[in-house]
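Spelled out from the first residue to the last, the chains are:
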Amino acid sequence: MKARRIKAGVTALALAASVGLATVGTAASSSAAGGWCSGVKIAAFPGGPQGGVFAINVYNGQVQAAKDLGATVKYYWSNWDPSVMTTQLKEAVASKPNGIAGIVGLVGDASAGPIIADAFKKGIIVANANSGLPIVTPKYAAEGMGYVGATNYKAGVDLANEAINRGKLAKGGTSFVWGLKGAAGDRAQRTIGIIDALEKAGIKVVYQEIDQATNTTPASGVPTFVGVMAKNPEIKSVFLDHGGLTATAEAYLKGASIKAGGVYVAGFDMSPAVGTAIKSGYLSLIIDQQEWLQGYLPILQVCLTAKFKFSGLDINTAGGFVDKANVDAIIPLAAKLIR
């Protein structure tokens, strides 16, 4: 059997009816008695840090899935640190759950491959989200390994092209890209996609890698942003390839004494802070990955495979953009940490 690619919106319509929404990120485990997936134990990876932007929405989706389906779920927060995630993956496999679900692809194929091979050898289903594992996933698709998230390179290209069109970014201009080009595996492709699209349009790129401190705590990156903007006053647009950094856009611009609308700022992922920044003009455009689905659907994948032997599903969650024209419709859902 081959992994099936379906639209996230169609998939969502097929989900079991929800009975409530989780909005806090403190539980060590969750489950609901009597669901059709009861008895299935899952190690869930929402990313991190605990309660942080993006990760909290993934976690809420995982909690809701456990509540709807009846699975017993334990959570592992990695602080977006690949070394921590690698250690946690090994610990999760050693705990002998029925499945592992969530953001495990950040470590890349080389690191994840042996761990995932060991998991499937022991009968543990792995359902990945957010960052693809293009080498590992096809090997185990028939056994239930799927992917929920963006096609990362395409998402980067799409964001850049949309920003070029909406922001009227001109050939010969300069953009600042703050990203993760040095990340393991597929995650780097999103940053590369942004850069490729900008350079194809004749726009010069000033690039800065996101360090681990800023990756974990985006507010710590204010001095870096201020320094880059001061050194390159010709910058007319900024691309923040990270949900947490995107949510901190207003603080970055204020730190650099840049007024709302002074530069065109594009980034990733919806959150309450992103909604506020779009409304105030400090943030111009985001591509919405619908991270709640990146939590819910991998749990569902494990349950479907564990109970009914379904093969892995390949689901793209990053199909839309948010700016001032449509942000009002999303803000109430962002406040509930669903979008």
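Residues numbered from 1 in each chain as written. Predicted model: local features only at pLDDT ≥ 70, side-chain atom pairs only at ≥ 80, totals over all residues. Heavy atoms only, no water.

Enquirer: Could you give an account of the packing of helix α3 (residues 82-94) against helix α4 (residues 108-121), naming the residues involved and the relevant values?
Expert: At a minimum axis separation of 10 Å, α3 and α4 run at an interaxial angle of 5°. The angle between the axes of α3 and α4 places the two elements in the roughly parallel class. On the side of α3, the interface is formed by Thr86, Leu89, Lys90 and Val93, while α4 contributes Ser111, Ile115, Asp118 and Ala119. (Axes fitted to C-alpha atoms, helices over the stretch in contact; angles between N-to-C directions. Helix = DSSP H or I, 4+ residues; strand = E, 2+ residues; numbered from the N terminus. Parallel < 35°, antiparallel > 145°, perpendicular 65-115°, else oblique. Contact = heavy atoms within 4.5 Å.)

Enquirer: Can you lay out the packing of aromatic side chains for me, pointing to particular residues and giving the numbers?
Expert: Going through the model one piece at a time under the given rule, you end up with 13 aromatic pairs. Taking 4.8 Å as the distance between ring centres and 65° as the angle between the ring planes, the aromatic pair formed by Tyr59 and Tyr75 counts as edge-to-face. Placement of Tyr59 in helix α2 (residues 55-69) and of Tyr75 in strand β4 (residues 72-77) is noted, with a sequence separation of 16 residues between them. Of the two residues, Tyr59 and Tyr75, both sit in the buried class. Look at Phe120 and Tyr140: their rings are 4.6 Å apart centre to centre, the planes differ by 0°, and that puts the pair in the stacked class. On the criterion of sequence distance, the pair formed by Phe120 in helix α4 and Tyr140 in helix α5 (residues 137-140) is long-range, its members being 20 residues apart. The exposure class of Phe120 is buried, given its relative accessible area of 10%. In textbook terms, an aromatic cluster arises when at least three aromatic residues are bridged by ring pairs, as seen for Phe176, Trp178, Phe225 and Tyr252. (Phe/Tyr/Trp six-rings, centres within 6.5 Å; stacked < 30°, edge-to-face > 60°. Buried < 20%, exposed > 50% of the residue type's maximum accessible area, 1.4 Å probe, protein only.)

Enquirer: Any chance you could break down the pairing of strand β9 (residues 204-209) for me, citing the residues and the numbers?
Expert: As paired elements, strand β8 (residues 174-179) and β9 share six bridges and run parallel to each other. By the bridge assignment for β9, Trp178 is matched with Gln208. With helix α7 (residues 187-200) bridging β8 and the parallel β9, this β-α-β connection has right-handed handedness. (Pairing = 2+ DSSP bridges. Right-handed = clockwise from strand over helix to strand, strands pointing away.)

Enquirer: How would you sum up α2? Please name residues and give values.
Expert: Because each turn of an α-helix spans 3.6 residues, side chains separated by three or four positions end up pointing in the same direction. An ideal rise of 1.5 Å per residue puts 21 Å on 15 residues; α2 measures up with 21 Å between its terminal C-alpha atoms. Among the 15 residues that make up α2, 14 are buried, leaving the element largely enclosed by the rest of the structure. Phi turns positive, to about 95°, at Gly70, one or two residues after α2. (Expected span 1.5 Å × (residues − 1).)

Enquirer: Outline the pattern of salt bridges, supporting the account with residue identities and numerical values.
Expert: On inspection of all chains with the given rule, the structure shows nine salt bridges. One salt bridge connects Lys254 with Glu250, and the closest N-O pair in it is separated by 2.8 Å. Of this pair, Lys254 and Glu250 both sit in helix α11 (residues 249-255), separated by four residues, roughly a single helical turn. Residue Arg339 pairs with Asp288 through a salt bridge whose shortest N-O separation is 2.3 Å. Of this pair, Arg339 sits in the segment after α14 (327-335) while Asp288 sits in strand β12 (residues 285-288), placing them 51 residues apart in sequence. One connected set of salt bridges, linked through shared partners, spans Glu162, Arg166 and Asp323. (Salt bridge = Lys/Arg side-chain N within 4 Å of Asp/Glu carboxyl O.)

Enquirer: Quick one: what's the story with the pairing of strand β5 (residues 99-102), residue by residue and with numbers?
Expert: The side chains of a regular strand alternate, first on one face of the sheet and then on the other. Alignment of strand β3 (residues 41-47) against β5, held across four bridges, turns out to be parallel. Each bridged residue has a counterpart across the sheet, and for Ala43 the counterpart in β5 is Ile100. Summarising the sheet, β5 and strand β6 (residues 125-129) pair through four bridges and their orientation is parallel. Bridged to Ala101 within β6 is Ala127.

Enquirer: For the nonpolar core, give the residues involved together with the corresponding values.
Expert: Judged by nonpolar contacts, the single largest core of 59 residues is most densely connected at Ile42, Phe45, Ile100 and Ile116. The element best represented in this core is helix α13 (residues 291-308), accounting for nine residues. When near neighbours in sequence (up to four residues on either side) are disregarded, Ile42 contacts Ala71, Thr72, Val73, Lys74, Pro97, Gly99, Ala101, Ile299, Val302 and Cys303. Core analysis: the second largest hydrophobic core is formed by 31 residues, Trp178, Ile210, Tyr252 and Val327 among them. (Core = buried A, V, L, I, M, F, W, Y, C linked by side-chain atoms within 4.5 Å.)

Enquirer: Go over the sheet that holds strand β11 (residues 264-268) with me, naming the residues and quoting the values.
Expert: Read from one edge to the other, the open sheet built from six strands follows the order β9-β8-β10-β11-β12-β14, with strand pairing classed as mixed. Strand pairing shows two members of the sheet lacking a second neighbour, β9 and β14 (320-322), which therefore form its edges. For this sheet the average axis-to-axis angle between neighbouring strands, irrespective of direction, equals 20°.

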